[in-house]
Amino acid sequence: QVQLVESGGGLVPAGGSLRLSCAASGSIFSINSMGWYRQAPGKQRELVAAITNGGSTNYADSVKGRFTISRDNAKNTVYLQMRSLKPEDTGVYYCKGTIVVRGTLTYDYWGQGTQVTVSS
């Protein structure tokens, strides 16, 4: 069993910053990519940022230059540093991990989500 637990969400005024964390635990052989997604009310879940086990990153155009994704492989943890937050960044942020549990068995796991609200 694998679990991903997010933390760090909250209410912040526009222009502020937040740092999200996501820790993976359980029967983990290795972790390929990890990423952050968000879902705003009435909208589909969208990719915000992702990082491979080699450190390659990609970002949604809307967050480039403002958000930074990083990971600590020793702690099986991924972070999302968010700066210059805008009201349109509001939503539930989910962590996803593509995790090898045994041999070549690889699955996608999701966290429970953490609410980020940016007030105008």
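For the structure itself, consult the block above.
Residues numbered from 1 in each chain as written. Predicted model: local features only at pLDDT ≥ 70, side-chain atom pairs only at ≥ 80, totals over all residues. Heavy atoms only, no water.

Overview of the packing of aromatic side chains
Part 1 of the argument: Overall, the coordinates contain two aromatic pairs when judged by the stated rule.
Part 2 of the argument: Above the plane of the ring of Tyr79 lies Arg19, whose end atom (NZ or CZ) is 4.1 Å from the centre.
Part 3 of the argument: When the ring centre of Trp110 is taken as origin, the NZ or CZ atom of Arg45, which lies over that ring, is 4.7 Å away. (Phe/Tyr/Trp six-rings, centres within 6.5 Å; stacked < 30°, edge-to-face > 60°. Lys NZ or Arg CZ within 6 Å of the ring centre and 35° of its normal.)

A word on the side chain of Arg71
Part 1 of the argument: Position of Arg71 relative to the elements: it lies in strand β7 (residues 67–72).
Part 2 of the argument: In this structure the side chain of Arg71 is engaged in a polar contact, spanning 2.7 Å, whose partner is the backbone oxygen of Asn32.
Part 3 of the argument: When near neighbours in sequence (up to four residues on either side) are disregarded, Arg71 contacts Ile31, Asn32, Ser33, Met34, Ile51, Thr52, Asn53, Thr77, Val78 and Tyr79. (Helix = DSSP H or I, 4+ residues; strand = E, 2+ residues; numbered from the N terminus. Polar contact = N/O pair within 3.5 Å; in protein donor to acceptor, adjacent residues only side chain to side chain. Contact = heavy atoms within 4.5 Å.)

Looking at the pattern of salt bridges
Part 1 of the argument: Enumeration according to the criterion identifies five salt bridges in this entry.
Part 2 of the argument: The residue Asp89 makes a salt bridge to Arg38 at a minimum N-O spacing of 2.9 Å. With Asp89 in the loop between β8 (77–82) and β9 (91–102) and Arg38 in strand β4 (residues 30–39), this residue pair connects regions lying 51 residues apart in the sequence. One exposure class covers both Asp89 and Arg38, and it is buried.
Part 3 of the argument: Through salt bridges with shared partners, a single network forms among Arg38, Glu46, Arg66 and Asp89. (Salt bridge = Lys/Arg side-chain N within 4 Å of Asp/Glu carboxyl O. Buried < 20%, exposed > 50% of the residue type's maximum accessible area, 1.4 Å probe, protein only.)

Some thoughts on unusual backbone geometry
Part 1 of the argument: A positive phi angle, near 50°, is found at Asn76, a position not held by glycine.
Part 2 of the argument: Considering the arrangement of structural elements, one finds Asn76 in the loop between β7 and β8.
Part 3 of the argument: Judged by its relative accessible area of 25%, Asn76 is partly exposed.
Part 4 of the argument: A positive phi is found at Ser84, a non-glycine position, where the angle reads about 50°.
Part 5 of the argument: For Ser84, the location among the structural elements is in the loop between β8 and β9.

Digging into the nonpolar core
Part 1 of the argument: Core analysis: the largest hydrophobic core is formed by 27 residues, its most contacted members being Trp36, Val48, Phe67, Val78, Leu80, Met82 and Tyr93.
Part 2 of the argument: Sorting the residues of this core by element identifies β1 (2–7), β3 (18–26), β4, β5 (46–51), β7, β8, β9 and β11 (114–119) as the ones contributing at least two each.
Part 3 of the argument: Beyond its immediate sequence surroundings of up to four residues, Val78 is in contact with Leu20, Ser21, Cys22, Met34, Trp36, Ile51, Ile69, Ser70, Arg71 and Cys95. (Core = buried A, V, L, I, M, F, W, Y, C linked by side-chain atoms within 4.5 Å.)

Quick look at the side chain of Ser21
Part 1 of the argument: Here Ser21 is to be found in strand β3.
Part 2 of the argument: We classify Ser21 as buried; its relative accessible area is 19%.
Part 3 of the argument: Those residues in contact with Ser21 that lie beyond four places of it in its chain are Val5, Glu6, Ser7, Trp36, Val78 and Tyr79.

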